[in-house]
Amino acid sequence: MTVGTGAARGTGPPAAKPDAPISTHALTVCRLFGEAFNDAAIEFDADFFELGGDSMLATSLIASIEKEFDVALPISILLEAPTPRALAAVIFKAAAERVGDALVIAREAGSAPPLCCVHGMNGETVFQRRLADALVGDRPIYALRAIGLQAGERPLETVEQIASNYIAAVRRVRGAGPYVLLGHCGGSLIAAEMAQQLTAAGETVAGLIMIDPAHDKTVAPYLFLSGLSLKLAQSEMKKRIATIQDLFERKPDFSRADRRKVIQAALFAAIGSYAPKPYAGKTLLLYTTSRKQVLLDPTRGFPTLLGDYETVEIKTDHGNMFEHHLPNIVAAIAPFLDRVAAAESHPVQASRRAD
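This write-up is about the structure you can find in this document.

Basis of the calculations
- Residues numbered from 1 in each chain as written.
- Predicted model: local features only at pLDDT ≥ 70, side-chain atom pairs only at ≥ 80, totals over all residues.
- Heavy atoms only, no water.
- Buried < 20%, exposed > 50% of the residue type's maximum accessible area, 1.4 Å probe, protein only.
- Helix = DSSP H or I, 4+ residues; strand = E, 2+ residues; numbered from the N terminus.
- Pairing = 2+ DSSP bridges.
- Core = buried A, V, L, I, M, F, W, Y, C linked by side-chain atoms within 4.5 Å.
- Contact = heavy atoms within 4.5 Å.
- Salt bridge = Lys/Arg side-chain N within 4 Å of Asp/Glu carboxyl O.
- Right-handed = clockwise from strand over helix to strand, strands pointing away.

Quick notes on the pairing of strand β7 (residues 309-314)
In terms of burial, β7 is largely enclosed, as five of its six residues are buried. Note: strand β6 (residues 283-288) against β7, six bridges, orientation parallel. When the sheet's bridge partners are listed, L286 is paired in β7 with V312.

Re the nonpolar core
By size, the foremost hydrophobic cluster in this structure holds 57 residues, and its most contacted members are Y166, L181, M194 and F302. When residues in this core are grouped by element, the largest group, eight residues, is from helix α6 (residues 159-173). Among residues more than four places away in sequence, those in contact with L181 are C116, A191, M194, A195, L198, V205, G207, L208 and I209.

Topic: the pattern of salt bridges
All chains considered together, the criterion is met by 13 salt bridges. One salt bridge in this structure joins R339 and E310, with 2.6 Å as the shortest N-O distance. Pair noted here: R339 is in helix α12 (residues 326-340) and E310 is in strand β7, with a separation of 29 residues, a long-range link. For R339, a relative accessible area of 46% translates into the label partly exposed. By relative accessible area, E310 is classed as buried at 7%.

Digging into the pairing of strand β5 (residues 205-211)
Of all seven residues that make up β5, seven are buried, and the element is covered over most of its length. In this structure, strand β4 (residues 179-184) lies alongside β5, joined through six bridges in parallel fashion. The residue bridging Y179 from the neighbouring strand is V205, located in β5. In this fold, the crossover linking β4 to β5 by way of helix α7 (residues 187-200) has right-handed handedness. Sheet analysis places β5 next to β6, joined by four bridges and oriented parallel. The partner of I209 across the bridge, within β6, is L284.

Given below as structure tokens:
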């Protein structure tokens, strides 16, 4: 059965078949088709030419698509992909190619706000893709890997730069929020910085998920130090960043194994030099038993940084968390995602809650 818009423009999107979720790109293309054909109700598999489309209308439609998605398409693409469903796939591929290897599409289809998953300290996307396989729901899932892992790349120097780069990558395939952000280990702080930057830009962050953030003195000195001692520790990390950048300048052709080690060191240095800021948005903090005392310290831990937050304990240590406790992580994340799925842009109300 063909899934249609069910109504004229402005009456809301159609429901997708349970076994074949409709991508957000296809929903948007249906809207643009409808606008081109005098606000008609357009089905996902409606053919542009069978609807009466001609060259003049094709020019107008492609111009609208290019403006909406920031991609360049030839008008002739309508001969190859004449339906909203087929054209959406072409648009998605074109947009994803512009992003580069930093963004991996773990799940493309879904009508809920996308879940943008930041890597851990190894910079790779294995955990995010496993999470996408395990997490049920009508939601796009994007995985972000560290810049520098591929030949010809150099690592970014600060958490602020990394967050800005990842936001740009996500926006090329999903131009506007709301967004849901997730990071694990050191990547939790990158996700938190993304939330800060998106909020400052006027975007809606429906939720932030931090999974067992880094907690040792080297990579998270803010949890242990303050004042001059903290500044000195962060300054030392900045020196390491400069050393790593110099190494890339002198020897850019690392082997893959060496490159992974150096990128991990770069991430440690960038995150270790970062000063987290208070964040008032809706946050889920997952922590392992082994990190509980440090992460939840009421004088220095995340209770001093987060406003509207809840916590869930995963009863294990960090090393076993992702390998053996993925079902527990999913069970903690899923209800939080359900609660924030319909979030709209509005001022954040600061409150506290702990499970």
